[in-house]
Amino acid sequence: MTTTLITNIGSLVTNDETRGDGPLGLIEAAAVVLDGEEIAWTGPAATAPAADTAHDAGGRAAIPGFVDSHSHLVFAGDRTREFNARMSGRSYTAGGIRTTVAATRAASDEELSANVARYLAEALRQGTTTFETKSGYGLTVEDEARALRIAREHTDEVTFLGAHIVSPDYAEDPAAYVALVTGEMLDACAPYARWVDVFCEKGAFDGDQARAILTAGRAKGLTPRVHANQLSYGPGVQLAVELDAASADHCTHLTDSDVDALAQGDTVATLLPGAEFSTRAEWPDARRLLDAGATVALSSDCNPGSSFTSSLPFCIALAVRDMGMTPDEAIRAATAGGARALRRDDVGRIVPGARADLVLLDAPSHVHLAYRPGVPLVTDVWQRGARVVG
Ligand code: NIG
Ligand code: FE
């Protein structure tokens, strides 16, 4: 196995408070040794062991690769017109999902796979090294299974979202669609997926339907996660905590008891500021969640309708400016927070034994990710020990 020493790191975010300062476990003048696909050593550069090859970081800041725990990349088509209408005052209703369903059904496997690869590459250039993605734009047994099979070619973190909206084919009989999702569709999709998700919202699936879908998924070995409380108050968050879902995603409209439930349970509150940005909606209150003691993740929600960004640096800047997060909290949420939302210990931290996913920034400190919004600061990315950007 080849070892690589990355040295002369101006400041290193380890996300391990036993290793450095504060919750980010910051080490100044640091070095990291990679051994094959894993981190072998971190610490002050002055005490670093020798390695087969060396890379001089030139005083740049280093952070763990971002962990994007929420995206919808298996899609075709474009919704520029809908975005334009919103920016002229129209509100977001999620009705546009049907436009993407039609385009996705009409696309070839190759087109869909190329689309996923394109957005993954885009995200990687911006520092994302772990990616979750979902189905949800097929809504037939064949199209949902196809979406997951294609997603699985690109990532292990695959989520079955047959319950994105009631399929237009079942508009007159939503109960029959729930029966399909919990029956034949789940059977066809479960082999490709790790997670099961539901859009629990007025106009999509109510609390009882969501519970039926998530418990059916769990019986097939999938762990729940929930699109919860995005457009309105509702039962999604409480249901997610009750079912010990890995995360409740969006969390824009929360009552005090929703916040308490998240603070007490193991369900991560995943915030998706790209969606509020692109729908001109009210921001989720990250400060309230953090002060209550909830674990917060930040993810892209990358999809052609409500949040067409793959950039976690952009989401970090929004979360700091508009959601009450400090830069440290936002960076932690986009790395270790995303890892918690995927129930992973091997990513989101730069510690011995973790996966060798590391990002260098053209900046002396990780804080520049929020301080210099819109500036492409990522210069180098290592993923599983391989230098994939730079
Ligand atoms: O997470 N909320 C539901 N689903 C997506 C939006 C999908 C779309 O508009 O195409 C979301 O925001
Ligand atoms: Fe989403």
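What you see is a predicted model, and the numbers here were worked out from it, not measured in a lab.

### Considering the domain arrangement of the protein
Often, the extent of an interface is quoted as the loss of accessible area upon association of its parts. Taken as a whole, the protein is organised into domain 1 (3-65 + 349-389) and domain 2 (66-341). One C-alpha centre belongs to domain 1, the other to domain 2; they are set 29 Å apart. Each side of the interface is counted separately: domain 1 has 22 residues, and domain 2 has 19 residues. At the level of elements, β5 (61-64), α13 (368-371), β15 (378-383) and β16 (386-389) are the ones that each hand at least two residues to the side of domain 1 that touches domain 2. For the side of domain 1 that touches domain 2, the element with the highest residue contribution is β15, accounting for three residues. Residues of the side of domain 1 that touches domain 2, tallied by class, amount to 15 nonpolar, five polar and two charged.

### As for unusual backbone geometry
One non-glycine residue with positive phi stands out, namely A29, at about 45°. With respect to the element layout, A29 can be found in strand β2 (residues 27-35). In the Ramachandran plot, R280 falls in the positive-phi region, its phi being about 50° despite a non-glycine side chain. You can see R280 is positioned in the loop between α9 (273-279) and α10 (286-292).

### Looking at the UniProt feature "binding site: N-formimidoyl-L-glutamate" (unreviewed entry) in the protein
UniProt's entry tags Y137, N303 and G305 with the feature "binding site: N-formimidoyl-L-glutamate" (unreviewed entry), counted in the numbering of this structure. A stretch of 169 residues holds the annotated residues, and the largest C-alpha distance among them is 11.3 Å, short enough that they meet in one place. Among the structural elements, N303 can be located in the loop between β13 (296-298) and α11 (312-322). Leave out the neighbours within four places in its chain, and N303 touches H72, F75 and F308. Position of G305 relative to the elements: it lies in the loop between β13 and α11. Residue G305 is classed as buried on the basis of its C-beta count, with 24 C-beta atoms lying within 10 Å. When residues no more than four places from it in sequence are discounted, the contact partners of G305 are R79, E82, G96, I97 and T100.

### A look at the sheet that holds strand β12 (residues 268-271)
Spatial strand order, β6-β7-β8-β9-β10-β11-β12-β13: eight strands in an open sheet with parallel pairing. Taken across any chain shown, the strands that pair with only one partner, and hence form the sheet edges, are β6 (66-68) and β13. Across this sheet, the average inter-strand angle for adjacent strands is 25°, counted without regard to direction. Where strand β10 (residues 223-228) and strand β11 (residues 247-250) come together, three bridges link them in parallel fashion. For V226, the partnering residue across the bridge sits in β11 and is A248. Along the sheet, helix α4 (residues 141-152) makes contact with β7 (128-134) and β8 (157-163), crossing β8 at roughly 165°.

### Some details on the packing of helix α3 (residues 109-125) against α4
At a minimum axis distance of 10 Å, the contact between α3 and α4 shows a crossing angle of 45°. Regarding the angle of α3 to α4, the classification is oblique. Handedness of the crossing formed by α3 with α4: right-handed. For the pair α3 and α4, the contacting residues are D109, L112, S113 and V116 in the first and R146, I150 and A151 in the second.

### What to know about the pairing of β15
As judged from the four bridges shared by strand β14 (residues 358-361) and β15, these two strands associate in the antiparallel manner. Following the sheet pairing, L360 is matched in β15 by D380. Looking at chain direction, β15 and β16 are connected through three bridges and run antiparallel. Paired with V381 across the bridge in β16 is V389. Between the antiparallel neighbours β15 and β16 lie two residues, among them R384 with a positive phi of about 45°.

What counts, and at which threshold
Each chain carries its own residue numbering, running from 1 in the direction its sequence is written. Each chain gets a letter, beginning with A, and each ligand a number, beginning with 1, in the order they are written. Totals for whole chains, interfaces and linings use all residues, but because this is a predicted model, local features are given only for residues with pLDDT of at least 70 and pairs of side-chain atoms are given and counted only at 80 or more. In this document the domain limits rely on a domain assignment from an automatic tool or a database. In this description, any two residues whose backbone-derived C-beta atoms lie within 7 Å of each other are considered to be in contact. Numbering goes from the N terminus for both helices and strands, where a helix is a DSSP run of H or I of at least four residues and a strand is a run of E of at least two. Residues are grouped as follows: Ala, Val, Leu, Ile, Met, Phe, Trp, Tyr, Cys and Pro are nonpolar; Asp, Glu, Lys and Arg are charged; every other residue, Gly included, is polar. UniProt positions are given in the numbering used here, feature names are shortened, and annotations may be inferred rather than shown by experiment. Partly exposed residues are those falling between the two cut-offs: more than 12 but fewer than 20 other C-beta atoms within 10 Å of their own, whereas 20 or more means buried and 12 or fewer means exposed, with C-beta atoms placed from the backbone. Any two strands with at least two DSSP bridges between them are considered paired. Orientation is described by axes fitted as lines to C-alpha atoms, over the contacting stretch for helices, and by angles from 0 to 180 degrees between their N-to-C directions. Any angle that falls under 35 degrees is termed roughly parallel, while one over 145 is termed roughly antiparallel, one within 65 to 115 roughly perpendicular, and all others oblique. For any helix crossing, the convention is left-handed if the near helix is rotated counterclockwise from the far helix by under a right angle, and right-handed if that rotation is clockwise.

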